[in-house]
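# Examination of the molecular architecture
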Amino acid sequence: STIVLRNQYNITKAVRMNWEQFESAICRWEAVTGRTAPKPLLPDTKLNPAFTEWVMGLPEGWITDIGISWTQMIKACGNGVVPQQALLALSRLT
């Protein structure tokens, strides 16, 4: 999986991520979502909310572009529902 990085001068470069044992799952999810996986960690080694949002299958910016703090974004992802799981649960209940 390749991640595109953009620096402060808006210059982009592709960087190959080493996902180790998760490589095949990450590549499958990239194919399903049509989006490249964001880096899992921020520069200060905190969890990247954009990665969590991507893993959950949420639209890009669903949580990360609404102007809330890092703590609130992580909490929203942690308390959120994965849409695909909700759909499956509802289909089995009806």
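Worth saying up front: this structure is predicted, and the values here are computed from it rather than measured. (Residues numbered from 1 in each chain as written. Predicted model: local features only at pLDDT ≥ 70, side-chain atom pairs only at ≥ 80, totals over all residues. Heavy atoms only, no water.)

## Quick notes on the overall build of the protein chain
If you tally the helices and strands in the protein chain, you get 4 helices and 2 strands. Restricting the contact set of the protein chain to residue pairs at least 6 apart, pairs at least 24 apart contribute 34%. When the accessible surface of the protein chain is summed, it comes to about 6,800 Å², and 60% of that surface belongs to carbon and sulfur atoms. (Helix = DSSP H or I, 4+ residues; strand = E, 2+ residues; numbered from the N terminus. Contact = heavy atoms within 4.5 Å. Areas by Shrake-Rupley, 256 points an atom, 1.4 Å probe, with all protein chains shown as cover.)

## Some points on the side chain of glutamate 30
Position of glutamate 30 among the secondary structure elements: in helix α1 (residues 23-33). For glutamate 30, a relative accessible area of 15% translates into the label buried. Side-chain polar atoms of glutamate 30 contact the backbone nitrogen of alanine 37, separated by 2.9 Å. (Buried < 20%, exposed > 50% of the residue type's maximum accessible area, 1.4 Å probe, protein only. Polar contact = N/O pair within 3.5 Å; in protein donor to acceptor, adjacent residues only side chain to side chain.)

## So, the packing of aromatic side chains
For the coordinates displayed, the defined rule picks out 2 aromatic pairs. Between tryptophan 19 and phenylalanine 51, the aromatic rings sit 5.7 Å apart at their centres with planes inclined by 15 degrees, giving stacked as the arrangement. Taken together, the residues span a long stretch of sequence, with tryptophan 19 in the loop between β2 (12-16) and α1 and phenylalanine 51 in helix α2 (residues 49-55) at a distance of 32 residues. Since its relative accessible area comes to 14%, phenylalanine 51 is described here as buried. Put simply, the rings of Trp19, Phe51 and Trp54 pair up and form one aromatic cluster. (Phe/Tyr/Trp six-rings, centres within 6.5 Å; stacked < 30°, edge-to-face > 60°.)

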